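Next come the chains, spelled out residue by residue.
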Amino acid sequence: MKNSERLSESYLITRWQQFCAGDKSAFGELTEANYPALYHYGTRFTTDRDLIKDCLQDLFLEIWEKRETLSYIGAIKPYLFQSLRNNIIRRIRRQSVFSDIRDDDVQDDISPESDWIVQETDQLTSQLLKQAIEALPKRQKEALYLKYYENLSYEEIAAVMGLQRQAVANYLQYGIQKLRDYWQHTAILFALCAEISWH
């Protein structure tokens, strides 16, 4: 279980308010609770581990310095994710090695698929699913990660990614459909291999 999941949301909000009032122990606890998930989220944008760590250090330094102005924050996790995302993108752009994470605009309505993705994530051997996810466009991959690994709502994902809610729904729909298509294709290959091995 992730550190941030061990602490209740109401407790984290209380500690956030204490942090905003200058409580260093609350700041340390919030940092420790959120660091692993934030670090893992950073790997969605770059494989440069040092850059991610630098951006996280910058993020926590920034929020400590402006803590007195942050007491209005009610959704702590989306705020931290969005802030880290902005930090990483700024840093990569400054280094001139940034490849745009935007891809083509998508439309259409979403159909609820939560049960499917959770079930598949639990049941499938991780390697094949990871390969399928890595093949997705970056925005779809990011939306799926935030929804199914960090359990953010559509509204929170929209805030983190700077999108409209419908765009998030579209990314999730198309991402799930591509994973389904990939998995059906893989299952057919497995079936063919099994068939061949019996002859």
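This text follows the structure it describes.
None of these values were measured; they are calculated from a predicted model.

J.: Now, about the environment of L38: what can you tell me, with residues and values included?
T.: Relative to the assigned elements, L38 resides in helix α3 (residues 24-42). The spacing of L38 and F81 is 43 residues in sequence and 6.5 Å in space, taken between C-alpha atoms. The contact partners of L38, leaving out residues within four places of it in the chain, are L56, L59, F60, L80, F81 and L84.

J.: Hey, could you go over the pattern of salt bridges for me, with residue numbers and the actual values?
T.: Per the counting criterion, the structure on display carries seven salt bridges. Here E150 and K77 are joined by a salt bridge, their closest N and O atoms 2.9 Å apart. In this pair, E150 is assigned in the loop between α8 (138-148) and α9 (154-161) and K77 in helix α5 (residues 76-94), connecting sequence segments 73 residues apart. Residue class for K77 comes out buried when judged on its relative accessible area of 17%. Residues joined by salt bridges that share partners form a network here, namely R15, D23 and E29.

Cut-offs and rules
Residues numbered from 1 in each chain as written. Predicted model: local features only at pLDDT ≥ 70, side-chain atom pairs only at ≥ 80, totals over all residues. Heavy atoms only, no water. Helix = DSSP H or I, 4+ residues; strand = E, 2+ residues; numbered from the N terminus. Contact = heavy atoms within 4.5 Å. Salt bridge = Lys/Arg side-chain N within 4 Å of Asp/Glu carboxyl O. Buried < 20%, exposed > 50% of the residue type's maximum accessible area, 1.4 Å probe, protein only.

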